[in-house]
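# Structure assessment
Each chain is listed here by its residues.
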Amino acid sequence: MIELKGVNKSFQQRRILKNINLEITKGETLAIIGASGSGKSTLLRLIIGLLKPDNGEIWIKNKEISNLSEKELNEVRLNMGMVFQYSALFDSMTIGDNVAFGLREHTTLSEAEIKEIVQENLRMVDLEGFENMMPNELSGGMKKRVSLARAIAFKPEILLYDEPSAGLDPMMSAKIDELIYHMQQKLGVTSIVVTHHMNSAFAIADRIAMIHEGEIIAIGDVEMIQNLENPIVQNFIHGSKRFTGGDRGNDNRS
Ligand SMILES: Nc1ncnc2c1ncn2[C@@H]1O[C@H](COP(=O)(O)OP(=O)(O)OP(=O)(O)O)[C@@H](O)[C@H]1O
């Protein structure tokens, strides 16, 4: 479903991602973990085509996207939903209009059809009846759920989540995990979830990939990652500062 082959990305001569090879199969949930600044968001932005790799190939379904025009990319993107770290809602629009935005822009659906999809998607994230509220009337967790309702508007086959639980309390974090799991079970989506929350990664992922200084240093199922005798991985999972002096930055584990 998604494949990266020999992908490199630098910013101002700094190599951020180094020879990334990664394959994600249909219906799989892959969690990406790693220290702050290791390149996780950059990887997501490459997959959704917001950035182009310096070299290497990025395949989404049967299309290599790194050389597509913006128009062709937009077609590929219709099959992908992204939940951004800070929800990225339009503050001046109601919740309903936020969820409807892409549908109004990119489809010829009638207002009645759009209204139905908006209601159904808000129901799916437990926000039924919130259509007319404004984003600033909602908590952070609710905004994340609206962002998810918007991301699934086109019934995408691929969902990308950039730190969906960042800044949320453990209860709301668990709720978001439940929704991510639910999306996979109910819609059969292929998901990539960048997260700092180890409990989330263990709860939702089929496989976990750890990025360290721009390289994937470990990838495997939850049990394999938990038992891997790699001090960098173990330090990250357990939040220990014993081995490295431990500057892993924005640690937000639960
Ligand atoms: N557009 C850009 N221009 C220059 N440098 C960038 C750009 N985007 C990211 N970087 C740098 O690339 C590195 C990796 O950033 P990235 O956001 O991918 O890390 P991350 O692992 O997602 O971090 P965090 O967990 O803190 O979100 C950082 O050093 C960042 O400063």
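Definitions and cut-offs
- Residues numbered from 1 in each chain as written.
- Predicted model: local features only at pLDDT ≥ 70, side-chain atom pairs only at ≥ 80, totals over all residues.
- Helix = DSSP H or I, 4+ residues; strand = E, 2+ residues; numbered from the N terminus.
- Rg over C-alpha atoms; globule rule 2.2 N^0.38 Å.
- Buried ≥ 20, exposed ≤ 12 C-beta atoms within 10 Å, placed from the backbone.
- Contact = placed C-beta atoms within 7 Å.
- Pairing = 2+ DSSP bridges.
- Near = placed C-beta within 6 Å.
- Nonpolar A, V, L, I, M, F, W, Y, C, P; charged D, E, K, R; others polar.
- Axes fitted to C-alpha atoms, helices over the stretch in contact; angles between N-to-C directions.
- UniProt positions renumbered as here; feature names shortened; annotations may be inferred.
- Parallel < 35°, antiparallel > 145°, perpendicular 65-115°, else oblique.
- Left-handed = near helix turned anticlockwise from the far one by under 90°.
- pLDDT = per-residue confidence, 0-100.

### Description of the overall build of the protein
Along the backbone of the protein there are nine helices and ten strands. Relative to the compact-globule value of 18 Å for 254 residues, the protein shows a C-alpha radius of gyration of 18 Å, a close match. With the C-alpha coordinates aligned to their principal axes, the bounding extent of the protein is approximately 55 × 40 × 35 Å. By residue count, 37% of the 254 residues in the protein fall in the buried class. Within the protein, contacts between residues separated by at least 24 positions form 66% of all contacts whose residues are at least 6 apart in sequence.

### Concerning the pairing of strand 9 (residues 207–212)
In regular strands, side chains alternate between the two faces of the sheet. Alignment of strand 3 (residues 29–34) against strand 9, held across five bridges, turns out to be parallel. Bridge pairing links Gly-34 to Ile-211 in strand 9. Two elements, strand 9 and strand 10 (residues 215–220), share five bridges in a ladder whose sense is antiparallel. Its bridge partner being in strand 10, Ile-208 is matched across the sheet by Gly-220. Where strand 9 folds back on strand 10, the antiparallel hairpin that results is connected by two residues, among which Glu-213 adopts a positive phi of roughly 45 degrees.

### Describing the environment of Phe-236
Relative to the assigned elements, Phe-236 resides in helix 9 (residues 231–238). For Phe-236, a count of 26 C-beta atoms within 10 Å translates into the label buried. Spatially, the C-alpha atom of Phe-236 lies 8.8 Å from that of Met-198, the residues being 38 residues apart in sequence.

### Comments concerning the sheet that holds strand 5 (residues 63–64)
Ordered by their spatial adjacency, four strands build an open sheet running 2-1-4-5, and the pairing between neighbours is antiparallel. What marks the edges here is a single partner per strand, and that holds for strand 2 (14–24) and strand 5. In the sheet, strand 1 (residues 2–11) pairs with strand 4 (residues 55–60) via five bridges, with the strands oriented antiparallel. Residue pairing for strand 4: Glu-3 is matched across the bridge by Trp-59.

### Points about the site of the ligand
Taken together, eleven residues surround the ligand, and among them Phe-11, Ser-36, Lys-40, Ser-41 and Thr-42 come closest. Counted by class, the shell around the ligand contains two nonpolar, eight polar and one charged residues.

### Considering the sheet that holds strand 3
What the six strands build is an open sheet, ordered 6-7-8-3-9-10; its pairing is mixed. Each end of this open sheet is capped by a strand with a single partner; those strands are strand 6 (80–83) and strand 10. Strand-to-strand twist of the sheet, defined as the mean angle between neighbouring strand axes without regard to direction, takes the value 15 degrees. Where helix 1 (residues 40–47) meets the sheet, it contacts strand 3, strand 7 (158–162), strand 8 (190–194) and strand 9, and its direction lies at approximately 150 degrees from that of strand 8. In the packing of helix 5 (residues 140–151) onto the sheet, contacts are made with strand 6 and strand 7, and the angle to strand 6 comes to roughly 170 degrees.

### Brief notes about the UniProt feature "domain: ABC transporter" (unreviewed entry) in the protein
In this numbering, the UniProt entry assigns the feature "domain: ABC transporter" (unreviewed entry) to residues 2–238. Secondary structure across residues 2–238 divides into 39% helix and 26% strand, with the first and last C-alpha atoms of the span separated by 30 Å.

### Side note on the packing of helix 5 against helix 6 (residues 170–187)
Helix 6 packs onto helix 5 with a crossing angle of 15 degrees between their chain directions and a minimal axis gap of 10 Å. Viewed along their axes, helix 5 and helix 6 adopt a mutual orientation that is roughly parallel. Considering only the axes of helix 5 and helix 6, their crossing is right-handed. Here helix 5 contributes Gly-141, Lys-144, Arg-145 and Leu-148 to the contact with helix 6, which in turn contributes Met-172, Lys-175, Ile-176 and Leu-179. In terms of residue class, the contact of helix 5 with helix 6 is built from four nonpolar, one polar and three charged.

### Structural notes on the confidence of the model for the protein
Summary statistics for the protein give a mean pLDDT of 89 and a share of 94% for residues scoring 70 or more. When the elements of the protein are averaged for pLDDT, helix 6 gives the smallest value, 87, and strand 1 the largest, 97. A low-confidence stretch, residues 242–254 stays under pLDDT 50, and its non-local contacts, those more than four residues away or across chains, total 27 contacts. Scored as a complex, the prediction yields pTM 0.87 and ipTM 0.95.

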